Amino acid sequence: MPEKKVLKDIFKHQHIFTQYVRDPENSPIPEDIEPRRMSIYADLVYRNIESFIANSFPVLRQVIDDGEWQKILRGFVKKHISKTPYFPKLPLEFLNYLEREQDEIELPAFCIELAHYEWIEISLSFNPKEISFENVDRNGDLLKGIPALSSLIEPLVYQWPVHKISSDFIPKEKPKQPTYLLVYRDQHYEIGFIELNKIAAKLIEELQKKSNRTGEQIFLQMADQLKHPDPNIVVQGGSEVMQNFKNRDIILGVKDD
């Protein structure tokens, strides 16, 4: 048999096999495989994917009832074409599916932001970067020195309070004010988050610019922008924010180069 014909037959067989695994209710069973075995295999594939996604998005799973969740996951397995072969990135593929393809049910308005928030936690936990204290003075003065910001952080802005959502708290209306969060990974590989007020959010923004200004210079500029009558209050408040960040490995210390 010609090689091209063999390859064509293999491809056809694989296509029939994978189509059944993805959509067993609407696809033919491969002729040379016992239907019972094929059904078991398709069910195992679906359950493995569903379990992994549910564990990756635990809060999202809580706030969607069982029937609708199964519809979403069936649609994901059936329709989505993944861009990566790496299993740890499957949650990102699911997030992309929710954002661009999912039409099985009408999701609550906050679900996309909630899913994104949970994905950020996953992505930081799998990030291969390590926290490095090289050229950092851990005991340096955060006001007089240049604060060294960790690279393992993600500042986020959401329209919904995603960090508060649970089966016991499902918001019905979008708040008037956005929610500012910072997700981070510390030196012990623990993932955490902190809700940011205006000063803390502005501090992170300024530190990410890598402008080589001291902590005190940053807060004095903030006080000027806010037209605060007593800049020292802003500096003192900022100092407390930076110390809190340092305790969480968000700020590592001051630059020592």
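Everything numeric here is computed off the predicted structure, so don't read it as measured data.

(A) Here's a closer look at the side chain of Q102. Structurally, the position occupied by Q102 is in the loop between α5 (90-100) and α6 (111-126). Overall, Q102 belongs to the buried group, its relative accessible area being 13%. At 2.7 Å, the side chain of Q102 forms a polar contact with the backbone nitrogen of E104. In this structure, Q102 is in contact with I72, Y97 and L107, ignoring residues within four places of it in sequence.

(B) Molecular detail of the pattern of salt bridges. In total, this model carries 12 salt bridges according to the counting rule given. With a closest N to O distance of 2.7 Å, R47 and D43 form a salt bridge. You can see R47 and its partner D43 sitting in helix α2 (residues 35-56), four residues apart, about one turn around the helix. Residue classification places D43 among the partly exposed residues on the basis of a relative accessible area of 29%. Of the charged contacts in the structure, one is a salt bridge between D103 and K79, with a shortest N-O distance of 2.8 Å. Highlighted residues: D103 in the loop between α5 and α6 and K79 in helix α4 (residues 66-79), separated in sequence by 24 residues. The network of salt bridges with common partners includes K202, E205, E206, K209 and R213.

(C) The packing of α4 against α5, seen in detail. Direction vectors running N to C along α4 and α5 enclose 105 degrees, while the axes themselves pass 11 Å from each other. Accordingly, the angle class assigned to the pair α4 and α5 is roughly perpendicular. Two secondary-structure elements touch here, α4 through W69, I72, L73, G75, F76 and K79 and α5 through L90, E93, F94, Y97 and L98. Its residues assigned to classes, the contact of α4 with α5 shows eight nonpolar, one polar and two charged.

(D) Local environment of the sheet that holds strand β6 (residues 251-255). Judged by pairing direction, the sheet is antiparallel, and its three strands sit side by side in the order β1-β6-β2 without closing on themselves. On the outer flanks of this sheet lie β1 (136-137) and β2 (147-149), each paired with one strand and no other. In the sheet, β2 pairs with β6 via three bridges, with the strands oriented antiparallel. The residue of β6 that forms the bridge with P147 is V254. Of the strands in this sheet, β2 and β6 are in contact with helix α9 (residues 231-247), which crosses β6 at around 115 degrees.

Rules and cut-offs
Residues numbered from 1 in each chain as written. Predicted model: local features only at pLDDT ≥ 70, side-chain atom pairs only at ≥ 80, totals over all residues. Heavy atoms only, no water. Helix = DSSP H or I, 4+ residues; strand = E, 2+ residues; numbered from the N terminus. Buried < 20%, exposed > 50% of the residue type's maximum accessible area, 1.4 Å probe, protein only. Polar contact = N/O pair within 3.5 Å; in protein donor to acceptor, adjacent residues only side chain to side chain. Contact = heavy atoms within 4.5 Å. Salt bridge = Lys/Arg side-chain N within 4 Å of Asp/Glu carboxyl O. Axes fitted to C-alpha atoms, helices over the stretch in contact; angles between N-to-C directions. Parallel < 35°, antiparallel > 145°, perpendicular 65-115°, else oblique. Nonpolar A, V, L, I, M, F, W, Y, C, P; charged D, E, K, R; others polar. Pairing = 2+ DSSP bridges.

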